[in-house]
Amino acid sequence: MEPDEQREVYATIDLALRVGEVLLSSGAGTADATATILGVTAAGGLRGCEVDITFTSMAVSYQAAPDVAPETHIRLVRYRSQDFSRLTDVDQLVRRFARGELTREDASRELARLTSAGPPYPRWSAVLAWGVMAGGATLLLGGGWLITLVAVLTAIVIDVSNRWFNRQRLPAFYQQVAGAFVATAVALILYAVHAPVKPSLVVAAGIIMLLAGIALTGAVQDAITGYYVTAAARSLEAMLLTGGIIAGVSLGLALGLKFGLHVGIEAETIQLGNLPVMVVSGAVMSVAFAYASYAPLRALFPVAVMGALGSLVFTLMIRASFGPAWSTAAAACVVGLGSYSIGRRVGVPPLVVVVAGSIPLLPGLTIYKGLYELMGLGNLIGIVSLGTAVAIGVALASGLILGEYLAQPIRREARRLEDRLAGPRLVGPRRPVRRRTTRPRRRRRTSS
């Protein structure tokens with residue numbers, strides 16, 4: 001291989017790996033990242049590449065000719081971020097490069113600019129959005145305006161403290177513990193001063209806020225599409241982060257019991273409330289999370305529609321006595337079904353709409369209910385409540401993926417690429433685009 005050709009191969013594979021790094025760090029599934037990497041390498045003129053992803057690393061292998069030894073390039077994924085604006089911009093960049101609108105050099109420079117740019121919105125507005133999301137959660141669970149204001153302030157404190165912990169390079173597990181403990185401590189204070197509110201809603205809103213950053217959908221997507229190694233890694237990460245939430249709440253409840261403070265679950269807390277408030281609250285939660293994750297402004301309206309629709313379906317299913325798990329699965333399926341079409345129409349990856357639209361379905365109150373039953377009441381029924389929370393989480397993720405499957409158009413081209421796409425695409429081009437090369441025509445033999 002000539003030196004110039006070798007440099008082109010290096011540059012193309014490097015571009016593909018950097019694109020894959022952005023996708024994986026933003027919570028995209030392994031199938032999406034693999035297909036997008038193959039799309040970039042194919043558009044760059046490299047055919048027959050093999051991709052291997054192990055959650056924290058990516059490897060691309062390319063063999064130029066059958067009699068030439070293959071070369072393998074590896075890149076590590078060193079960070080995880082919830083930046084939907086960067087994900088959207090990179091998704092658009094890949095599509096432009098696949099269509100031939102950008103050269104490889106231009107695409108590489110544009111990718112470097114996107115990954116090094118700061119957030120599109122002020123950080124204080126993102127912090128405030130986390131507070132609005134927690135406030136929407138309290139309204140969704142039947143709280144009043146006073147407890148909603150307390151939840152907003154508590155969420156802001158949690159987000160500011162977690163940002164400081166992150167700058168100090170404190171692992172995410174301990175950040176989850178600290179955030180859950182802060183929410184529980186605020187609830188204990190409200191209970192101690194006999195505030196005319198439902199303190200448990202603050203804890204539930206804090207749990208939902210902390211659960212929102214866990215990429216459970218990617219874990220289930222990897223398991224369904226056959227990437228079991230990365231599915232196990234993502235599941236372990238989700239379990240660890242959820243365990244941090246449980247540890248923080250448990251610590252707060254244990255301290256409360258020492259001082260005789262029993263922040264229980266009131267009967268009114270677990271009721272659904274009226275339908276219009278739930279629908280509006282679901283939309284507010286979804287929009288606030290999308291904004292806090294720096295989603296493009298054009299994505300906020302479809303996110304609001306999906307959040308409201310998911311809350312509506314969940315409420316109707318619960319009232320029809322289908323149970324929390326099946327109700328969550330049905331609502332998530334509707335969200336996944338609508339997000340695929342509406343996301344593409346507004347020019348954002350469906351993953352953005354899917355994740356944000358499913359926020360109102362997170363089982364924050366169920367987790368707190370199980371922990372209080374175990375620690376506060378000493379009742380083993382709390383294990384059942386925690387098991388229900390796990391079932392709700394699995395139902396949520398699997399319902400979203402099922403909705404994407406139902407929305408995916410059945411075409412002959414999709415079947416041909418089934419082994420590469422491995423399921424519905426939440427990020428990246430629908431299929432790898434290969435540069436066309438002009439083949440020399442076969443000359444006809446003339447009889448002499």
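Shown above is the structure to which this text applies.
Worth saying up front: this structure is predicted, and the values here are computed from it rather than measured. (Residues numbered from 1 in each chain as written. Predicted model: local features only at pLDDT ≥ 70, side-chain atom pairs only at ≥ 80, totals over all residues. Heavy atoms only, no water.)

> Lay out the pairing of strand β2 (residues 57-62) with the relevant residues and their values.
Working note: regular strand, side chains alternate between the two faces of the sheet. Counting buried positions along β2 yields five of six residues, so the element is predominantly enclosed. One ladder, built from four bridges, connects strand β1 (residues 50-53) with β2; its direction is antiparallel. Note that in β2 the partner of E50 across the bridge is S61. Linking β1 back to β2 in an antiparallel pair, the connection comprises three residues, with F55 at a positive phi of about 75 degrees. (Buried < 20%, exposed > 50% of the residue type's maximum accessible area, 1.4 Å probe, protein only. Helix = DSSP H or I, 4+ residues; strand = E, 2+ residues; numbered from the N terminus. Pairing = 2+ DSSP bridges.)

> If you had to explain the environment of T41 to someone new, which residues and values would you point to?
Tracing the backbone shows T41 in helix α2 (residues 30-43). Placed 30 residues apart in sequence, T41 and A11 show a C-alpha to C-alpha distance of 10.0 Å. Contact partners of T41, with chain neighbours within four places excluded, come to T12, A16, L46 and C49. (Contact = heavy atoms within 4.5 Å.)

> Summarise unusual backbone geometry; cite the residues concerned and give the values.
Even without being a glycine, F55 presents a positive backbone phi close to 75 degrees. Following the sequence through the fold, F55 ends up in the loop between β1 and β2. Positive phi, close to 60 degrees, is recorded for Y294, a residue that is not glycine. Counting through the fold element by element, Y294 comes out in the loop between α11 (275-292) and α12 (300-319).

> Tell me what's going on with the packing of aromatic side chains, and back it up with residues and numbers.
Applying the stated criterion across every chain, the model contains six aromatic pairs. Ring centres of F173 and Y174 lie 5.3 Å apart, and the angle between their planes is 80 degrees; on these two criteria the pair is classed as edge-to-face. Accessibility expressed as a relative area gives 47% for Y174, which makes it partly exposed. Among the aromatic residues, ring-to-ring pairing joins F84, W130 and F289 into one connected group. (Phe/Tyr/Trp six-rings, centres within 6.5 Å; stacked < 30°, edge-to-face > 60°.)

> Residue-level account of the nonpolar core, with values.
By size, the foremost hydrophobic cluster in this structure holds 93 residues, and its most contacted members are V90, M133, I207, I245, V249 and F289. In terms of residue count, helix α1 (residues 3-25) provides more of this core than any other element does, nine residues in total. The residues contacting I207, other than those within four sequence positions of it, are I245, V249, G364, I367 and Y368. (Core = buried A, V, L, I, M, F, W, Y, C linked by side-chain atoms within 4.5 Å.)

> Go over the pattern of salt bridges, please, and point to the residues and values.
Side chains that carry opposite charge are capable of pairing whenever their charged atoms lie near each other. With the rule as written, the count across this model stands at eleven salt bridges. With a shortest N-O distance of 2.5 Å, R113 and E110 are connected by a salt bridge. Residue R113 and its partner E110 are both found in helix α4 (residues 104-116); the two are separated by three residues, about one turn of the helix. For R113, a relative accessible area of 46% translates into the label partly exposed. With its nearest N and O atoms 2.7 Å apart, the salt bridge here joins D222 to R234. Of the two residues, D222 sits in helix α9 (residues 216-224) while R234 sits in helix α10 (residues 228-258), which places them twelve residues apart along the sequence. In terms of burial, D222 and R234 fall into one category: buried. Overlapping salt bridges, with partners in common, bring together D14, R18, E21 and R75 in one network. (Salt bridge = Lys/Arg side-chain N within 4 Å of Asp/Glu carboxyl O.)

> Now, about the environment of L23: what can you tell me, with residues and values included?
Counting through the fold element by element, L23 comes out in helix α1. It is 8.9 Å that separates the C-alpha atoms of L23 and T36, two residues lying 13 residues apart in sequence.

> Now, about the side chain of H73: what can you tell me, with residues and values included?
Along the chain, H73 falls in strand β3 (residues 71-76). Among the residues examined, H73 registers a relative accessible area of 18% and is labelled buried. A distance of 2.9 Å separates a polar atom in the side chain of H73 from a polar atom in the side chain of E71. Excluding its chain neighbours within four sequence positions, the residues that come into contact with H73 are Y10, I13, L17, M58, A59 and V60. (Polar contact = N/O pair within 3.5 Å; in protein donor to acceptor, adjacent residues only side chain to side chain.)

> Account for the sheet that holds β1, naming residues and giving values.
The strand order across the open sheet built from three strands is β1-β2-β3, with neighbouring strands paired in antiparallel fashion. Every other strand in the sheet has two partners, leaving β1 and β3 as the edge strands with one partner each. Between one strand axis and the next, the sheet turns through 15 degrees on average, direction left out of account. The sheet strands contacting α2 are β1 and β2, and the helix crosses β1 at an angle near 150 degrees. (Axes fitted to C-alpha atoms, helices over the stretch in contact; angles between N-to-C directions.)

> Can you explain the packing of helix α5 (residues 123-140) against α11? Please cite residues and give values.
At a minimum axis separation of 8 Å, α5 and α11 run at an interaxial angle of 160 degrees. Relative to α11, α5 is oriented roughly antiparallel. Note that α5 runs across α11; the crossing there is left-handed. Packed against α5, whose contacting residues are S125, A126, A129, W130, V132, M133, G136, A137, L139 and L140, the element α11 presents V277, M278, S281, G282, V284, M285, A288, F289, Y291 and A292 at the interface. Taken together, the residues of the contact of α5 with α11 break down into 16 nonpolar, four polar and no charged. (Parallel < 35°, antiparallel > 145°, perpendicular 65-115°, else oblique. Left-handed = near helix turned anticlockwise from the far one by under 90°. Nonpolar A, V, L, I, M, F, W, Y, C, P; charged D, E, K, R; others polar.)

> Give a detailed account of a nonpolar patch on the surface, specifying residues and quantitative values.
Taken together, W124, L128, V132, V280 and V284 make up a surface patch of nonpolar side chains, about 470 Å² in accessible area. Contributions of two or more residues to the nonpolar patch are made by α5 and α11. At three residues, α5 tops the list of elements feeding residues into the nonpolar patch. By secondary structure assignment, the location of V284 is in helix α11. (Patch = residues over 30% accessible without salt bridge, like charges linked within 9 Å, V, L, I, M, F, W, Y side chains within 5 Å. Areas by Shrake-Rupley, 256 points an atom, 1.4 Å probe, with all protein chains shown as cover.)

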